[in-house]
Amino acid sequence: MAVRRVVVALALGVAVVVPSAMTQFSDAPVQEERCPTGDTLGWVLPGACEHVDEAPAGVDPTEPVTTAELRSRDGGSAGAWAAAEDLGVPAPVQAAVASPAVACDGDGTSGFRTQAMYVVEAGRTNRFAALQSSFQLWAAGVDDVVNRSAALTGGVRRVRYVTDTAGGSCVAKVLNVTVPAGSMSSFNATISAVQALGHTAANRKYLMWTDASVLCGIASMYPNDGQSQGNPNNGSYAQYARIDSGCWGFGDGAAQHSVEAHELVHTFGGVMSTAPHGTRAGHCWDESDTMCYADGGGFAMQQICVPQREYLLDCNNDDYFSTYPDPGSWLDGHWNAADSRFLIGGGDGSGGGSLGTPTVLGATIAVNNPAVPGLATQASVAPSLPSGRTVTTVAWKSARKDCSFSAPTQLQTDVVCNAGAATATTVTVTLTDSTGATRSVTSPLTFATGTARAVSISLGAAGQSPADGGTAAVCTGASFPLTATVVDSASGQPVKGLTTSLTKQTATMTAPASAGSAVTATSGVATVSQTATTSTTYRARTAAGTVYAAAGPVALVAAPSRCTTSVGAGVNLDELYHADPVTVSGTLSATIGATTVVPAGVSLAVRLTTPAGKVLTLGSTKTTADGSYSVVVKPTASGTVTVVLAAGTAYTGATASAGAITVAVPATLITGAVDRTAVAHGQTVVVSGTLRRDAGGNVTPLGSRSVALTVTPAGGTAVRVGSATTKADGTFSASVALKVSGTLAVAYAGTTGQPAARTDVGAVTAATWSTAVTASASTSSVAPGGFVTLTGSATRTWNGSTVPAAGLRLKVTFRATGSSTTAVVSSATTTTSGTFTARVYPKASGTWTVTLSDIAGYAPASSAALPVSVS
């Protein structure tokens, strides 16, 4: 609420003692007192409380307002329509014209309705005739606030007024009510006065324009957040809203929202203190919103929604008004003013109002509780999607790590937790929609325990499931899966998380030995690996617990013999490129006589025989629990792929051809570019490019490969100037200090199965710097054995830019007076700023010069000759 103090008073009614004037409604629900206490609170009705606030800046509710001023006010229609349109709900052209028309419904009188009233004290000027059309316009504004707010969630709600007809449409019927003098002194006095005149119907909300200058607005509301149509704000008692003349007709943008809409929505049951953004004084703190302002209810205001929402109800549709509350949200399970039966489209006394459409991604979770530990129970989620969106991902999880889901990425799944724990947990599902929005909802998962449930247990080995005490054939000395399957007797479901104990005994053993223990998986099967070289009896049992009774023992005899084998094999590709992945798969079969034995965990070799007869090892694999296998290999040569089982004590040998494959060499694609083609000697250029593999049009990057950077001078040989390593996406980049002119190229040397590649980037120039040297001597005359300090600087220039010539070794030369010979006496190296210092010890008179010469990339330069005499 951008203007904070429009509503001066709010009565939060709690019917602890039913007023005598309302005894005809004695079967209405009695509410517990929940009014807060404090200096700003006082009793105005039995079981009701009053909250008085300040008026907005510039509005003094104690100052009378002229009739002309009141007739200029247009009410809440324009602001509501404009705000809704700004928020994406189109408005027809005629909505721009203020109209007193409201919705027609039935005979205009019967049912649950809002009765508009003009109320004036006896002895005061009655302005009903002058303002009746304004009252009807303002009543229509309240209806538009409600209707446009409903449209934001795709629904329709209209205020069901007591109506008259006018020009083929309906307008609110406004009663002209005169009450005794003094009846406007308080809200309680006003209510008592209109009740004395018979306005006490529980199926009426009395919207009163009170011609007084006492307060701004006040209304009765019962702080009961119960969701049902029996909520006391929904027709259990007559309820009243009072607006004094200083606050009539706002809502057109000049003074913010409609005060009439604010007060009437209080009587509809907004806002409960228990709402997510509710205050303790019946408002909300998430601006902007017709019902939100700093009311002293204990919460700081926060700007959550756009300013346009000031003219409409319920910022984010989550506290008190929505035609489509987010499934599972607070408003979905508590009183929602949009379900009021005083609204057309609202509740009917037995159920809530007609649904709108979702505006945000929502979800409703359902879990079949209570579950039985170890047995699967169903969980599902129903998405609530705004128009045009779809669910893209579903992810289920549980707070208990031992719980698993049969379809963890589907809307419906089974969830099962271990049999050994009955501790309640939670199940959470997270949905993502096509816009990237996510929604997570959680449900408890509870467990029922009681009389121990009967279970059955059976043994199996090597894929065979004989009857209790029966025989299963196994391969001599080879590992085989010994399985114990536990099933709930009543439901026939497998039991997860139940520990099974196994023993084994041969003819030479005097007592059984442990064969280990295992916990049943979701399938109800517990598996241990065993080997047998002689006939062995295995037994399995489960112990009694709080959920399941004991089961077993059951027995199985494992009879070992050498297995006869055969293997099937195939490849998924017969033409490929060097080192591309190929899947080799098949099944190993084993028999002992006429009995099929499932050979699990058997090692198989995968080989390639080239046309030249060379045998290459491609890899190895092991068979799974059903004897099948699958392995990915990366052949680098053409030939025939075979799968081989070596013969041994347990198995006869077997070989199968998976087929011939042809391996081609892919092409190498390289590109290059340089950021500058001409620089001065030693300046940096950036060379970049890509290196990719082309396997018959399937182009992929070559990462972590070295690329050489070379420059070939005209008529010369290539000079390596740098290198780069490709990134995972095949790109490379390197900074190079260019000191050679010529043709720049990038090259990949190649490797087995990936040929070399090279490409010219283009001509590059490393230009020569022009230079300048300045120098001065500390003195022009020195005694024999004395010294002279030479100081100065060197600069370099290219392309119009002159900079210090740093790090250059300069020569210091001397020519004696009368001599034609120059000798190098000393040297100096320039600093980062291009300056230098040199100390010399003259032995004769002559001139000193500082020279830059014989440095690659730099034109020669000398300082002026500096004469120094020795005397």
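Reading the values: the criteria
Residues numbered from 1 in each chain as written. Predicted model: local features only at pLDDT ≥ 70, side-chain atom pairs only at ≥ 80, totals over all residues. Heavy atoms only, no water. Pairing = 2+ DSSP bridges. Helix = DSSP H or I, 4+ residues; strand = E, 2+ residues; numbered from the N terminus. Disulfide = S-S within 2.5 Å. Axes fitted to C-alpha atoms, helices over the stretch in contact; angles between N-to-C directions. Left-handed = near helix turned anticlockwise from the far one by under 90°. Contact = heavy atoms within 4.5 Å. Nonpolar A, V, L, I, M, F, W, Y, C, P; charged D, E, K, R; others polar. Parallel < 35°, antiparallel > 145°, perpendicular 65-115°, else oblique.

> Talk me through the sheet that holds strand 7 (residues 163-166); I want residue IDs and the actual numbers.
Spatial ordering of the open sheet is given by 4-8-7, a layout of 3 strands whose pairing is antiparallel. Edge positions in the sheet fall to strand 4 (101-102) and strand 7, since each has one partner strand and no second. Bridge count for strand 7 against strand 8 (residues 169-172) is 4 bridges, and the pairing is antiparallel. Each residue of the ladder has a partner; that of Thr 163, found in strand 8, is Ala 172.

> Please give an account of the state of the cysteines that cites residues and values.
Under the defined criterion, the tally for this structure stands at 6 disulfides. In this model, Cys 216 is linked to Cys 247 through a disulfide, with the two sulfur atoms separated by 2.0 Å. Between Cys 216 and Cys 247 the disulfide shows an S-S torsion of about -120°. By sign, it is left-handed. Linking Cys 216 in the loop between strand 10 (204-210) and strand 11 (217-221) with Cys 247 in the loop between strand 12 (239-244) and helix 5 (259-268), this pair joins segments that are 31 residues apart in sequence.

> Can you lay out the sheet that holds strand 29 (residues 536-542) for me, pointing to particular residues and giving the numbers?
Taken together, the 5 strands give an open sheet; going across it, the order is 24-30-29-26-27, and neighbouring strands pair in mixed fashion. On the outer flanks of this sheet lie strand 24 (471-475) and strand 27 (513-519), each paired with one strand and no other. Averaged over neighbouring strand pairs, the angle between their axes works out to 30° when direction is ignored. Inspection of the sheet shows strand 24 paired to strand 30 (residues 551-561) by 5 bridges, in the parallel sense.

> An account of the packing of helix 3 (residues 128-151) against helix 5 is needed here, citing residue identities and associated values.
Two elements in contact, helix 3 and helix 5, have axes whose closest approach is 9 Å; the angle formed by their N-to-C orientations is 60°. Seen from above, helix 3 lies across helix 5 with right-handed handedness. On the side of helix 3, the interface is formed by Trp 138, Val 142 and Val 145, while helix 5 contributes Glu 260, Ala 261 and Leu 264. Among the residues forming the contact of helix 3 with helix 5, the class breakdown is 5 nonpolar, no polar and 1 charged.

> Break down the packing of helix 2 (residues 77-86) against helix 3 for me, citing the residues and quoting the values.
The geometry of helix 2 relative to helix 3 is characterised by a closest axis approach of 8 Å and an angle of 15° between their N-to-C directions. Here helix 3 runs roughly parallel to helix 2, going by the angle between their axes. Two packed elements cross with a definite hand, and for helix 2 against helix 3 that hand is left-handed. Taking contact as the criterion, the partners of Ser 77, Ala 80, Trp 81 and Ala 84 in helix 2 are, on helix 3, Ala 140, Gly 141, Asp 144, Val 145 and Arg 148. Taken together, the residues of the contact of helix 2 with helix 3 sort by class into 5 nonpolar, 2 polar and 2 charged.

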